[in-house]
Amino acid sequence: MTIMMPASDQTVLDRREAIVADLRAIVPGEGVISSAAEMLPYESDALTAYRQPPMVVVLPETTEQVSRVLKYCFDNGIKVVPRGSGTSLSGGALPLADAVLLGLSKFKRIREIDFDNRVVVTEPGVTNLAISQAVAHAGFYYAPDPSSQIACSIGGNIAENSGGVHCLKYGMTTNNVLGCELVLMSGEVLRIGGKAPEQAGYDLMGIITGSEGLLGVVTEVTVRILRKPETARALMVGFAQVEAAGECVARIIGAGIIPGGMEMMDRPAIHAAEAFVNAGYPLDVEALLIIELDGSAIEVDELIKRVEVIALGCGSSTCRISGSETERDLFWAGRKAAFPAVGRISPDYICMDGTIPRGALPRALARIRELSEKYGLGVANVFHAGDGNLHPLILYDANKPGEMDKAEAFGADILRCCVELGGVLTGEHGVGIEKRDLMPHMFSEADLSQQQRLKCAFDAQGLLNPGKVFPTLHRCAELGRVHVHGGRLPFPDLPRF
């Protein structure tokens, strides 16, 4: 697979040895990796169809080092690609041949746990799950829970505005992050937001969350933690038809019931997950809903009764209710392991990420089946059903000529379908390079130009993560907002974002 990326700057490549030496002076010891063999783990993120070794990898340990590295690159016109744990599924951390890959994996300390204000202040390299583990003893947790939570970093979650199975009720990353420390491409360090739930002025955290490393490098994060619910129980409901499961989802939400999580899997995903985890999933159904209800014990008991009635009205064929915390965890274990489980039934797969209105779910599923027949490729469907976030897993064999290209075209058609049904190109995986060239299908040229002007306010030279998100590469000067001459901004003494 090939994709157009910014042309390499040969003048930068010619200075590689000097650049590496200068970076070693800023980040001494083992903080700079420059040999081809040692840089191999950084040549892609989890979208492994695209690979490109970086020019050099830098692994700073302090905000000061990040600031100095960025300022050095800013002064010398060197591109920078920020990277968290590398679990991105959209190619957001794909390196460039003439760029510094800036890894935040050494930022792995939790700096403060403040139960009084119900926040945790953490470094960006801390994993998502580690935050919940750090506060579990006091009955708290961090709500957003991507399936990769054991490995994905909180900094990467901010970059992609990650979700998870419990985001239906408790929100995405953007709803649970209160503040951050951000280093701009110029090396300037900003503190945005904080422990207070509301901040004056523009919602800069809303801009930074989901910005995919295009605006700055996050070196500290303040997240909201929540009390664990008094009771949480899960229902596992099977249906003979996928459309019936989709109808059940719509009726539950329409009845004013907001589950803690509501997930759907179709037959191929059910069978793969059950063989992998042995969660007790029914194998004679076409679709399975996992519905978690939480709150007080009395409230949960009442909600379970109401959901059972709705499910029966939609034609459910099986219904099992968790009787213990262990059983509830087992229900979810299969869902969270669905992606690796599908890896056992297909040599390769692409995980898509589009979002549709809940009411359009039956039409989306029908269209995915049509496309599967058109391209001659299998598909396993895993959904955040409650908020309409689809994750079709397109099955293919990269060793068969042409199958990778067919899988990519299949995925693009699914995303176009999502937009046509009133949805969007991504729910939680980001745009990166995977969906970059589909952006004009959703946004007009004026929309995209306005978004690029926002990037120019933070990164006027376009050095941070270039080639991602925007389908057409513009310099800020071409957008008529900032004139850059000789690599210098006008009025450099004025404060800027």
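Computed from a predicted model, the values in this text were never measured in an experiment. Counting restarts for each chain, with residues numbered from 1 along the sequence as it is written. A pLDDT threshold of at least 70 governs which residues receive local features in this predicted model, and a stricter bar of 80 or more applies before side-chain atom pairs are shown or counted, although totals over entire chains, interfaces and linings include all residues. No hydrogens and no water enter the side-chain calculation; it runs on all heavy atoms of the structure.

Another point: the overall build of the protein chain. Broken down by element type, the protein chain carries 17 helices and 19 strands. For the radius of gyration, the atoms used are the C-alpha atoms, and the globule rule reads 2.2 Å times the number of residues raised to 0.38. Expected size for 497 residues packed as a compact globule is a radius of gyration near 23 Å; at 23 Å, the protein chain falls within 12% of this value. Each residue is assigned to one of three classes by its accessible area relative to the maximum for its type, calculated with a 1.4 Å probe on protein chains only: buried under 20%, partly exposed between the two thresholds, exposed over 50%. Residue burial in the protein chain is summarised as follows: out of 497 residues, 55% are buried. Every residue pair with non-hydrogen atoms within 4.5 Å of one another is taken to be in contact. At a minimum sequence separation of 6, the contacts of the protein chain that also span at least 24 residues come to 71%. Counted as positive: Lys and Arg. Counted as negative: Asp and Glu. His and the chain ends are not counted at all. A charged residue contributes its charge at one atom only: NZ of Lys, CZ of Arg, CG of Asp or CD of Glu. Here the protein chain holds 46 positive side-chain charges and 60 negative ones, and the gap between their average locations is 2 Å. The helix and strand labels rest on DSSP assignments: H or I over at least four residues marks a helix, E over at least two residues marks a strand, and numbering proceeds from the N terminus.

Further remarks concern the sheet that holds strand 6 (residues 119-122). If you walk across this open sheet you meet the 5 strands as 5-6-10-8-9, and the pairing is antiparallel. Each edge of the open sheet carries a strand with a single partner, namely strand 5 (110-114) and strand 9 (189-193). The sheet shows a mean angle of 10 degrees between the axes of neighbouring strands, taken without regard to direction. Here, a strand pair is defined by DSSP locating no fewer than two bridges between the strands. Working convention: axes come from line fits to C-alpha atoms, limited for helices to the stretch in contact. Angles between N-to-C directions cover 0 to 180 degrees.

A word on the packing of aromatic side chains. Stacked, tilted and edge-to-face are the three classes assigned to paired rings of Phe, Tyr and Trp, where Trp is represented by its six-membered ring and a pair needs centres within 6.5 Å; plane angles under 30 degrees give stacked, over 60 edge-to-face, the rest tilted. This model, assessed by the stated rule, comprises 3 aromatic pairs. For the pair Y141 and Y170, a centre-to-centre distance of 6.4 Å together with 85 degrees between the ring planes defines the contact as edge-to-face. Separated by 29 residues along the polypeptide, Y141 in strand 7 (residues 140-141) and Y170 in helix 7 (residues 167-170) bring together distant segments of the chain. The buried category is assigned to Y141, whose relative accessible area is 14%. Each ring, one from Y375 and one from F410, has its centre 5.5 Å from the other, and the planes form 15 degrees; the classification is stacked. Of the two residues, Y375 is situated in helix 14 (residues 361-375) and F410 in helix 15 (residues 403-420); the sequence distance between them amounts to 35 residues. Relative accessible area serves as the criterion here: at 13%, Y375 is assigned to the buried category.

Here we have 4 strands laid out as an open sheet, ordered 1-2-4-3, and mixed in their pairing. What marks the edges here is a single partner per strand, and that holds for strand 1 (32-33) and strand 3 (79-83). Running over the sheet, helix 4 (residues 63-76) touches strand 2 (56-58), strand 3 and strand 4 (99-103) and is turned about 170 degrees from strand 4.

Moving on to the pattern of salt bridges. It is possible for side chains bearing opposite charge to pair when their charged atoms get close. By definition, a salt bridge exists where a carboxyl oxygen of Asp or Glu is found within 4 Å of a side-chain nitrogen of Lys or Arg. Scanning all chains against the criterion turns up 28 salt bridges. A salt bridge links K79 to D98; the nearest nitrogen and oxygen atoms lie 2.5 Å apart. Residue K79 is found in strand 3, and its partner D98 is found in the loop between strand 3 and strand 4; the two are separated by 19 residues along the sequence. With respect to class, K79 is no different from D98; both count as buried. Here E123 and R111 are joined by a salt bridge, their closest N and O atoms 3.1 Å apart. One end of the pair, E123, is in the loop between strand 6 and helix 5 (128-135); the other, R111, is in strand 5, with 12 residues separating them in the sequence. Salt bridges sharing partners connect three or more residues here, namely R109, R111, E123, E181, R191 and E220.

On to helix 10 (residues 267-277). Each α-helix turn comprises 3.6 residues. Residues three or four places apart therefore point the same way. Taken together, the buried positions of helix 10 are occupied by A269, I270, A272, A273 and E274. On its buried side, helix 10 packs onto strand 13 (261-266), strand 14 (287-295), helix 12 (325-336), helix 13 (338-342) and strand 18 (379-384). At the exit of helix 10 stands N278, carrying a positive phi of roughly 60 degrees.

It is worth spelling out the environment of N278 at this point. One can find N278 in the loop between helix 10 and strand 14. Counting along the chain gives 122 residues from N278 to K400, while the straight-line C-alpha distance between them is 32 Å. The residues contacting N278, other than those within four sequence positions of it, are A273 and L330.

Judged by nonpolar contacts, the single largest core of 83 residues is most densely connected at F239, M264, L289 and L293. Among the elements that take part in this core, helix 15 stands out by supplying 9 residues, more than any other. Once residues lying within four places of it in the same chain are set aside, the contact partners of M264 are V242, A245, G246, V249, L288, L289, L361, N381, V382, F383 and A385. Take the buried residues of types Ala, Val, Leu, Ile, Met, Phe, Trp, Tyr and Cys, join any two whose side-chain atoms come within 4.5 Å, and each joined set is a nonpolar core. Counting 26 residues, the second largest nonpolar core, distinct from the first, contains L70, L102, L104 and M185.

A large share of strand 19 (residues 389-396) lies buried, amounting to 8 of its 8 residues. Covered by surrounding structure in strand 19 are N389, H391, L393 and L395 together with L390, P392, I394 and Y396, the residues of both alternating faces. Note: strand 16 (residues 348-351) against strand 19, 4 bridges, orientation antiparallel. Paired with I350 across the two strands is I394, which belongs to strand 19. Where strand 17 (residues 354-355) lies against strand 19, 2 bridges are found, and the strand directions are antiparallel. Each residue of the ladder has a partner; that of T355, found in strand 19, is N389. Pairing of strand 18 with strand 19 involves 6 bridges; the strand directions are antiparallel. Bridging from a neighbouring strand, F383 pairs with L390 of strand 19. Where strand 18 folds back onto strand 19 in an antiparallel hairpin, the turn is made up of 4 residues, including G388, whose phi is positive at roughly 70 degrees.

Now for the packing of helix 2 (residues 16-26) against helix 4. How two helices pack is summed up by the angle between their axes together with the distance between the axes. Viewed as axis vectors pointing N to C, helix 2 and helix 4 meet at an angle of 155 degrees, and their least axial separation amounts to 10 Å. On the basis of their axis angle, the class for helix 2 and helix 4 is roughly antiparallel. Regarding helix 2 and helix 4, the two cross each other, and that crossing is right-handed. Contacts between helix 2 and helix 4 involve A18, I19, D22, L23, A25 and I26 on the former and, on the latter, Q65, R68, V69 and Y72. Any angle that falls under 35 degrees is termed roughly parallel, while one over 145 is termed roughly antiparallel, one within 65 to 115 roughly perpendicular, and all others oblique. Each crossing gets its hand from how the near helix is turned against the far one by less than a right angle, where anticlockwise is left-handed and clockwise is right-handed.

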